[in-house]
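# Topology and contacts: notes
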Amino acid sequence: MSNNTNDGKLSQIGLQDYLSIGYLFLLILGVVYESIYYKFLGINILEYSSVLDVLISPIAVMTGNLILGLAVIFSMLMAYFMVKITPKYYKWLSKKPKYQSGKNKLKLEKAQTKIKAKDAVITMIAFYVFSVFIGLGIGSGYKTNKRVETNNYKITHKLIFEDGLTQDIKMLGKNSLYVFYVLKDDKEVIISPIEGNIKMIKKIKKENN
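This text gives an overview of the structure that appears in the document. (Residues numbered from 1 in each chain as written. Predicted model: local features only at pLDDT ≥ 70, side-chain atom pairs only at ≥ 80, totals over all residues. Heavy atoms only, no water.)

A complete count under the given rule lists eight aromatic pairs for this structure. With 6.5 Å between their ring centres and 90° between their planes, Y33 and F133 make a pair best called edge-to-face. Here F133 lies in helix α7 (residues 118–150) and Y33 lies in helix α2 (residues 15–39), a separation of 100 residues in the sequence. The exposure class of Y33 is buried, given its relative accessible area of 13%. What makes F133 buried here is its relative accessible area of 0%. A centroid spacing of 6.1 Å and a plane angle of 90° characterise the contact between Y48 and F180, whose relative ring orientation is edge-to-face. With Y48 in the loop between α2 and α3 (51–55) and F180 in strand β3 (residues 178–183), the pair connects residues that are 132 residues apart, well separated along the chain. A relative accessible area of 23% means that Y48 is categorised as partly exposed. (Phe/Tyr/Trp six-rings, centres within 6.5 Å; stacked < 30°, edge-to-face > 60°. Helix = DSSP H or I, 4+ residues; strand = E, 2+ residues; numbered from the N terminus. Buried < 20%, exposed > 50% of the residue type's maximum accessible area, 1.4 Å probe, protein only.)

Right under this line is the structure:
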């Protein structure tokens, strides 16, 4: 009777639950990533972020870097597969005659023991994703700051302000409230509010850089 209850409890933890936990983890990483990146530019990004910006930070980070996004999605799916699917596969495999005795049985038992240590598997994957986020934050922040200091960057956007003023800029970042940028041959990072200030942000085509 107790086994059925335990099985029932385990079955209640589905993909949606793992995705929710995973997103909470990514939310923390998204905030940490942006804090590190903007820290290199001398900005405390949390002072310039809304609640919405914080909530969508992991999505913004992953959509801004395709490789990172694919790596995170792959890691989460791998964690789900290892914890939920693999044990069922080993249980089915143990019913096969050739896995009920001898070396095959020992190999299967070892594999099952490793899979039962699911906390270790999830911790390993979480550490991998954490390392990718932190490494990318440090690398991107340092690289961007170095380019600003040496004026080694190209103009990427045109800002059109409400008063008609236009500026060609190198955009360093943007959220729902502010745009972070530098002007050509200028090392000072400028923070401009969007609402009531900026009318339009136009991306400049690469061939015009």
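Additional details are given in the paragraphs that follow.
Okay, helix α4 (residues 57–64) next. Among all positions in α4, only S57, P58, V61 and M62 are buried. Taken around the axis of α4, the buried residues stretch over an arc of 125°, which confines them to a single face. Every exposed residue of α4 that faces more than 90 degrees away from the buried side is listed here: T63 and G64. (Arc of directions from axis to C-beta.)

What follows covers the pattern of salt bridges. One pass over the structure, following the stated rule, counts one salt bridge. K158 is the salt-bridge partner of D168, the closest N and O atoms lying 2.8 Å from each other. Note that D168 is positioned in strand β2 (residues 166–174) and K158 in strand β1 (residues 157–161), a separation of 10 residues in sequence. With a relative accessible area of 39%, D168 lands in the partly exposed category. Among the residues examined, K158 registers a relative accessible area of 27% and is labelled partly exposed. (Salt bridge = Lys/Arg side-chain N within 4 Å of Asp/Glu carboxyl O.)

The tally for this structure, following the rule as stated, stands at one cavity of 30 Å³ or more. Computed from the structure, the largest cavity encloses a volume of approximately 50 Å³. What lines the largest cavity is simply V31, E34, S35, I45, L46, S49, D53, V54 and S57. Per-element tally for the lining of the largest cavity: the top contributor is α2, with three residues. Of the residues in the lining of the largest cavity, the class split is four nonpolar, three polar and two charged. (1 Å grid on protein atoms, 1.4 Å probe; cavity = no way out; pocket = protein on both sides within 12 Å on 5 of 7 lines; lining within 4 Å. Points joined across faces, edges and corners; volume = space filled by probe spheres on them. Nonpolar A, V, L, I, M, F, W, Y, C, P; charged D, E, K, R; others polar.)

Attention now moves to the pairing of strand β4 (residues 190–193). The two faces of the sheet receive side chains in turn, since in a regular strand these alternate between them. Pairing of β3 with β4, which is carried by four bridges, proceeds in the antiparallel orientation. By the bridge assignment for β4, F180 is matched with I191. Taking the residues that link successive antiparallel strands as the turn, the β3-β4 hairpin has six residues, and the phi of D185 there is positive, at about 60°. (Pairing = 2+ DSSP bridges.)

With that settled, consider the side chain of D53. Along the chain, D53 falls in helix α3. Buried charge D53 goes without a salt bridge, the closest partner of opposite sign being K174 at 8.2 Å. Side-chain polar atoms of D53 contact the side chain of S176, separated by 2.9 Å. Once residues lying within four places of it in the same chain are set aside, the contact partners of D53 are Y48, N175, S176 and L177. (Lys, Arg positive; Asp, Glu negative; His and termini not counted. Polar contact = N/O pair within 3.5 Å; in protein donor to acceptor, adjacent residues only side chain to side chain. Contact = heavy atoms within 4.5 Å.)

The subject of this paragraph is a nonpolar patch on the surface. On the surface, Y23, V51, L52, L55, I56 and I59 cluster together into a nonpolar patch covering about 540 Å² of accessible area. The leading source of residues in the nonpolar patch is α3, at three residues. Summarising the element assignment, Y23 is placed in helix α2. For Y23, a relative accessible area of 32% puts it in the partly exposed group. (Patch = residues over 30% accessible without salt bridge, like charges linked within 9 Å, V, L, I, M, F, W, Y side chains within 5 Å. Areas by Shrake-Rupley, 256 points an atom, 1.4 Å probe, with all protein chains shown as cover.)

To continue, consider the environment of R147. Considering the arrangement of structural elements, one finds R147 in helix α7. For the pair R147 and K187, spaced 40 residues apart in sequence, the C-alpha separation works out to 9.2 Å. Once residues within four sequence positions are removed from consideration, R147 is found in contact with N152 and Y153.

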